[in-house]
Amino acid sequence: MKEISILALVCLIVNGCVKNEANPIVKDPDFPGENVPEMVYDETGLMYTSLDSLVMAGYQGWFATEGDGSDRGWYHYERAGRFEPGYSTIDFWPEVNEYSQKYMTAFQYGDGSPAYVYSPYDEESVDLHFKWMKDYGIDGVQMQRFVVEIKEENVKGRRHFNQVLSNALKAAKKYGRAISVMYDLSGCRSEDVAYLKQDWEELQAMFKLFDNNENPTYVRHNGKPLVTIWGVGFNDDRNYTTSDVDHLVGQLKGPENKVSVMLGVPYYWRTLDRDTESSSALHTLIKKVDVIMPWAVGRYNGESYANTSGGVLSEDIRWCESNGIHYIPLAFPGFTWGNLRQDAALYDQIPRNEGDFLWKQVAGAKIAGAKSLYVAMFDEIDEGTAIFKCLRKSEVPLNGSGKFMGIEDGLDSDYYLWLTGQATQWFRGNGGFSAQKPVRP
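**A word on the packing of aromatic side chains**
Within the structure shown, the criterion is met by 38 aromatic pairs. Seen in terms of ring centroids, Tyr77 and Phe83 are 5.3 Å apart; in terms of plane orientation they differ by 35 degrees. Their pairing is tilted. According to the relative accessible area criterion, Phe83 is buried, its value standing at 5%. The lysine or arginine in question, Arg82, covers the ring of Tyr87, its NZ or CZ lying 3.7 Å from the ring centre.

Right, dumping it as structure tokens:
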């Protein structure tokens, strides 16, 4: 038998995994001639050993401010280097009353008082977000890691995402929230896809990801630590291929099947049309992974949801079950990107309808037989899909000739956290839920 890999040896030392000669022999086409026992991990003390029944949100964590120490300026807030009336990419404004660290902007409210924002570069801010997850009963988040921003030559970007991940891992442990890493391939080239493997291995060492004591809430699935790769199979002329991702999956799993892999795929992945490349290579790849999550943001609105998803969810689930794949549908509260796209017609493009739209998707997924749910997103205020606390429409700052959207005035700023928490209860098997949106006491 080949020598135990360096990664396996590290895992043994930190008590995250063990090898057993009686384990199934794995044959991997990316490693011809290598027949080695499948990796088995010790799951003692771990809180999340399966994606079953979990409701997790995506966590962007890409915002930065002047003065937060990241040296990135108003990153993901500003336009053309300016964050002031008329120059903004965000459509929603965060409600910052509970943050211990906040930053004054050039924006003002109608009474002339200054408007503030937060930065996830601050440990206290991320800690607060995970506290909210616990308070409202949301299982946790998948931490977005944008490959084009973490390459070695992008020193500031890499430092930023490492800091945010460090903040999140501490908070996840503190509040007992599920956490995992999701790589986003947007903007990548083939060589960038290959770089992901290097970064993933560095994270394991840097943060002791597989150490049960250090990270007891890092998600496992099918007996392996989970890593997600988002953005494969889309037909939007990306500069990498399904073959690139297929090879990467083989490298990440290795001959020992070291990890569980979740893929973020287009909404019409099964039929290979509309937003999806017309190639069976995507199906071949999907059959090699453990989990898929189709991207539904922007694929329907409150009026078209039933017609769009009617035959999609149940058929998707049936296909995945027959091929041994865990299927996770996506739900999002609404969508707006008037400031991001500088187009007033795109404000409130997909209305939230006071939570009706989000609950339609929650109910549709649950009734179709889904075992888990992914909510996009926890903190995405650029496209207005955030579920965390944001200002209501009547409370937002002024924005020159533009405007900011917000949570409906008849709701509290925490309403979408509460509603997502209700979805979590339903997916955990608690009774009393139906297609009828729950009423908040």
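**Notes on the environment of Met377**
When you line up the elements, Met377 lands in the loop between strand 16 (373–375) and helix 11 (415–427). Look at Met377 and you get buried, because its relative accessible area is 5%. Placed 50 residues apart in sequence, Met377 and Phe427 show a C-alpha to C-alpha distance of 18 Å. Residues within four places of Met377 in sequence aside, it is in contact with Gly58, Tyr59, Gln60, Gln144, Trp295, Thr385, Ala386 and Ile387.

**Brief notes about unusual backbone geometry**
Residue Met377 is reached from Ala376 by a cis peptide bond, and omega for that bond is -5 degrees. Residues other than glycine seldom take positive phi values, yet Ser53 does so here, at roughly 75 degrees. For Ser53, a relative accessible area of 29% gives the class partly exposed.

Rules and cut-offs
- Every chain is numbered independently, its residues counted from 1 as its sequence is written.
- Reporting in this predicted model follows two pLDDT cut-offs: at least 70 for local features of residues, and 80 or more for side-chain atom pairs to be given and counted; totals over whole chains, interfaces and linings ignore these cut-offs and use all residues.
- Side-chain descriptors were evaluated using all non-hydrogen atoms of the structure, hydrogens and water having been removed beforehand.
- Two rings from Phe, Tyr or Trp (for Trp, the six-membered ring) form a pair when their centres are within 6.5 Å of each other. A pair whose planes differ by under 30 degrees is stacked, one over 60 is edge-to-face, and the rest are tilted.
- To sort residues, take the accessible area from a 1.4 Å probe on protein chains only and compare it with the maximum for the residue type: under 20% means buried, over 50% means exposed, and anything in between is partly exposed.
- Any Lys NZ or Arg CZ that is within 6 Å of a ring centre and within 35 degrees of that ring's normal is treated as a charge sitting over the ring.
- The secondary structure listing takes helices from DSSP runs of H or I that are at least 4 residues long and strands from runs of E that are at least 2 residues long, numbered from the N terminus.
- Note on contacts: a residue pair qualifies if any of its non-hydrogen atoms lie within 4.5 Å across the two residues.

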